[in-house]
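This is what each chain is made of:
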Amino acid sequence: APPPRLAAVSAASLDEDEACALLLEHGCFVVTGVVPKAVCKCALAYVNQRMLHALTQCGQTSTADFPKGAGQHDDPAHVDASSYHFGDVLAPPHRRDLKLPLDSPVRHCVGAALRVLKPILANTLTPDAQLCELSCLVSDPNAAAQRL
């Protein structure tokens, strides 16, 4: 059987009640067109630069290399760098969970998303909700399919 598909709705036609119902029923849904393409392009360049830096710090050259920390002969400095730069989401070759600081390119993306999603989040989250982790899952060509 094909994998289940997430419900998707366009940011331009986002209805607050419908979105809240989807979130309540499924726990998540896709909103397309939330972040302008120019903001995405800037964020992509930033993420690519951070990824290259993080991989270098970990003694790797690409996401095709198996993540550090899995082998008994890994350099401790590379393992520490891996823990600093990458989250612990399963990261097979060609995929990484890259931790992000809330720098300008990231803030622009988050800000654009919040402008659209604020009413839904306000109906779902409590006033004391906090952002606890910020990262991006990067899947490069040849990454195995990720289960939903």
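Residues numbered from 1 in each chain as written. Predicted model: local features only at pLDDT ≥ 70, side-chain atom pairs only at ≥ 80, totals over all residues. Heavy atoms only, no water.

Caption draft 1: Expanded view of the packing of aromatic side chains. For the structure shown, the criterion picks out zero aromatic pairs. Just above the ring of F86 sits the side chain of R96; from NZ or CZ to the centre is 6.0 Å. (Phe/Tyr/Trp six-rings, centres within 6.5 Å; stacked < 30°, edge-to-face > 60°. Lys NZ or Arg CZ within 6 Å of the ring centre and 35° of its normal.)

Caption draft 2: Geometry of a negative patch on the surface. There is a patch of like negative charges on the surface, built from D15, E16, D17 and E18. Structurally, D17 is set in helix α1 (residues 16-26). (Patch = residues over 30% accessible without salt bridge, like charges linked within 9 Å, V, L, I, M, F, W, Y side chains within 5 Å. Areas by Shrake-Rupley, 256 points an atom, 1.4 Å probe, with all protein chains shown as cover. Salt bridge = Lys/Arg side-chain N within 4 Å of Asp/Glu carboxyl O. Lys, Arg positive; Asp, Glu negative; His and termini not counted. Charge placed at Lys NZ, Arg CZ, Asp CG, Glu CD. Helix = DSSP H or I, 4+ residues; strand = E, 2+ residues; numbered from the N terminus.)

Caption draft 3: Just the side chain of R95, in detail. Tracing the backbone shows R95 in strand β3 (residues 95-99). Comment: no salt bridge for buried R95; closest opposite-charge side chain is D140, at 9.4 Å. (Buried < 20%, exposed > 50% of the residue type's maximum accessible area, 1.4 Å probe, protein only.)

Caption draft 4: Molecular detail of a nonpolar patch on the surface. Taken together, the side chains of L114, L121 and L125 define a hydrophobic patch exposed on the protein surface, amounting to about 230 Å² of accessible area. Summarising the element assignment, L121 is placed in helix α4 (residues 104-124).

Caption draft 5: Fine view of the packing of α1 against α4. Running from N to C, α1 and α4 point in directions that differ by 50°, and their axes come no closer than 10 Å. Considering their axes alone, α1 and α4 lie oblique with respect to each other. As α1 packs across α4, the resulting crossing turns out to be right-handed. For the pair α1 and α4, the contacting residues are E16, A19, C20 and L23 in the first and P119, I120, N123 and T124 in the second. Looking at the contact of α1 with α4 residue by residue, the class counts come to five nonpolar, two polar and one charged. (Axes fitted to C-alpha atoms, helices over the stretch in contact; angles between N-to-C directions. Parallel < 35°, antiparallel > 145°, perpendicular 65-115°, else oblique. Left-handed = near helix turned anticlockwise from the far one by under 90°. Contact = heavy atoms within 4.5 Å. Nonpolar A, V, L, I, M, F, W, Y, C, P; charged D, E, K, R; others polar.)

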